[in-house]
Amino acid sequence: MRKTIFLVVGMGFLSLLSCTKTSQYVVEKYVEEENKKLPISLTEYMSYDSIRCDKDGNNVIMYYALKNDLVIEAIKNQDNEMTKRVLIGVLQKDARSQMLLKVLKESGYALTVKQLTKEHEVVIEITITPEEFSQELDETQTKDDIKNRINNEVENLNALCPAEIDEFTTAKNVAMDWDKLELTYTYDLHDIEIEDKEAAIENLRQAIKPTVLGPTMRLYRESGIAITYKYHLNGDTLIVNFTPEDYK
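Just so it is clear, the structure is predicted and the values come from calculations on it, not from any experiment.

**Here we look at the environment of Tyr64**
Structurally, Tyr64 can be placed in strand 3 (residues 59-66). Owing to a relative accessible area of 1%, Tyr64 belongs among the buried residues under this scheme.

What follows is the structure, encoded as structure tokens:
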């Protein structure tokens, strides 16, 4: 089952759609069943913690926790309207999400996504109204928004570099090459020794892989962008590369 960073819809919810219950009942039942599966760790930096049905406000609210200061600062600098358009596009293209949006629209419910710090400070809040669910996708606008979103993320991350990731790793820069369709992260390693370079590269690859194949990198994967990690250590470079072939 595929996951998105904003939404995880199970087959149990889809089976409710064949019932004769009202759409509002289906929404409330979905929220109830979804909460039983939460919290879910999406990446080492983000978890999907809870979902709430605000009957008075006709709104379904999803709560996500952010755990990394660099990620939080990058998200704070995002263009919310552009992020909303990208989110609508992602939801409209996903078959399971389409069914949820249909029921929300029929019941007159909006969908709100909230990402918070561990201190419960709201980093970003996006609300999509039932009217916005029905917006017809402009493919050209969608592609431009995705490209601008990626450029915005890279620019925001670069503004935070150099940044200490841990006691051994410093993030130096992030670069997006649209001609080569390649995103490159560059790091400096220090105060460690590597005896087997190939083993070290494979260990790094296995550690990075869940993030690359996870929901936070979905836009990059769907855009056919290769993702490269370069680690500089004592005049040598360790390179970990993921190509579109690795996403299948």
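**Considerations on unusual backbone geometry**
In this structure, Pro39 follows Leu38 across a cis peptide bond, with omega equal to 5°. Within the element layout of this structure, Pro39 appears in the loop between helix 2 (23-36) and strand 1 (40-43). Here the phi dihedral of His120 falls at roughly 70°; this positive angle occurs in a residue that is not glycine. Looking at where His120 falls in the secondary structure, it is placed in the loop between strand 4 (110-116) and strand 5 (122-128). The exposed category is assigned to His120, whose relative accessible area is 63%. The phi dihedral of Asp191 is positive, around 60°, even though this residue is not glycine. The topology assignment puts Asp191 in the loop between strand 8 (182-189) and helix 8 (197-212). Given a relative accessible area of 67%, Asp191 falls into the exposed group.

**Things to note about the sheet that holds strand 2 (residues 46-54)**
With respect to topology, five strands assemble into an open sheet ordered 1-2-3-4-5, the strand pairing being mixed. The strands lining the two open edges of the sheet, one partner per strand, are strand 1 and strand 5. Direction aside, the axes of adjacent strands within the sheet are offset by 25° on average. By the bridge criterion, six bridges tie strand 4 to strand 5 in an arrangement that is antiparallel. Residue Lys114 lies in a different strand from strand 5, and its bridge partner there is Glu125.

**Considering the sheet that holds strand 10 (residues 236-242)**
In spatial order, the strands read 6-7-8-9-10; together these five strands make up an open sheet with mixed pairing. Looking at which strands have only one partner, the edges of the open sheet turn out to be strand 6 (163-164) and strand 10. Where strand 8 lies against strand 9 (residues 226-233), seven bridges are found, and the strand directions are parallel. Each residue of the ladder has a partner; that of Leu183, found in strand 9, is Ile227.

**Re helix 2**
The first and last C-alpha atoms of helix 2 sit 20 Å apart over 14 residues, in line with the 20 Å expected at 1.5 Å per residue. The set of residues buried in helix 2 consists of Ser23, Val26, Val27, Tyr30, Val31 and Glu34. Axial view of helix 2: buried residues confined to an arc of 135°, hence all on one face.

**Section: a negative patch on the surface**
A cluster of like negative charges, contributed by Glu164, Asp166, Glu167 and Asp191, occupies part of the molecular surface. Turning to its location among the elements, Glu167 is positioned in the loop between strand 6 and strand 7 (169-177).

**A few points about the pairing of strand 4**
Most of strand 4 is tucked away: seven of the seven residues are buried. Burial of strand 4 is two-sided: the residues Ala110, Thr112, Lys114 and Leu116 facing one way and the residues Leu111, Val113 and Gln115 facing the other way are all buried. Where strand 4 folds back onto strand 5 in an antiparallel hairpin, the turn is made up of five residues, including His120, whose phi is positive at roughly 70°.

**Quick look at the packing of aromatic side chains**
The geometry of an aromatic ring pair is captured by two quantities: the separation of the ring centres and the angle between the planes. For the structure on display, the rule yields three aromatic pairs. When the centroid spacing of 5.0 Å and the interplanar angle of 15° are considered together, the rings of Tyr187 and Tyr231 count as stacked. Here Tyr231 lies in strand 9 and Tyr187 lies in strand 8, a separation of 44 residues in the sequence. The exposure class assigned to Tyr187 is buried, which follows from its relative accessible area of 14%. Against the face of Phe242 rests Arg205, its NZ or CZ located 4.3 Å from the ring centre.

Reading the values: the criteria
- Residues numbered from 1 in each chain as written.
- Predicted model: local features only at pLDDT ≥ 70, side-chain atom pairs only at ≥ 80, totals over all residues.
- Heavy atoms only, no water.
- Helix = DSSP H or I, 4+ residues; strand = E, 2+ residues; numbered from the N terminus.
- Buried < 20%, exposed > 50% of the residue type's maximum accessible area, 1.4 Å probe, protein only.
- Pairing = 2+ DSSP bridges.
- Axes fitted to C-alpha atoms, helices over the stretch in contact; angles between N-to-C directions.
- Expected span 1.5 Å × (residues − 1).
- Arc of directions from axis to C-beta.
- Patch = residues over 30% accessible without salt bridge, like charges linked within 9 Å, V, L, I, M, F, W, Y side chains within 5 Å.
- Areas by Shrake-Rupley, 256 points an atom, 1.4 Å probe, with all protein chains shown as cover.
- Salt bridge = Lys/Arg side-chain N within 4 Å of Asp/Glu carboxyl O.
- Lys, Arg positive; Asp, Glu negative; His and termini not counted.
- Charge placed at Lys NZ, Arg CZ, Asp CG, Glu CD.
- Phe/Tyr/Trp six-rings, centres within 6.5 Å; stacked < 30°, edge-to-face > 60°.
- Lys NZ or Arg CZ within 6 Å of the ring centre and 35° of its normal.

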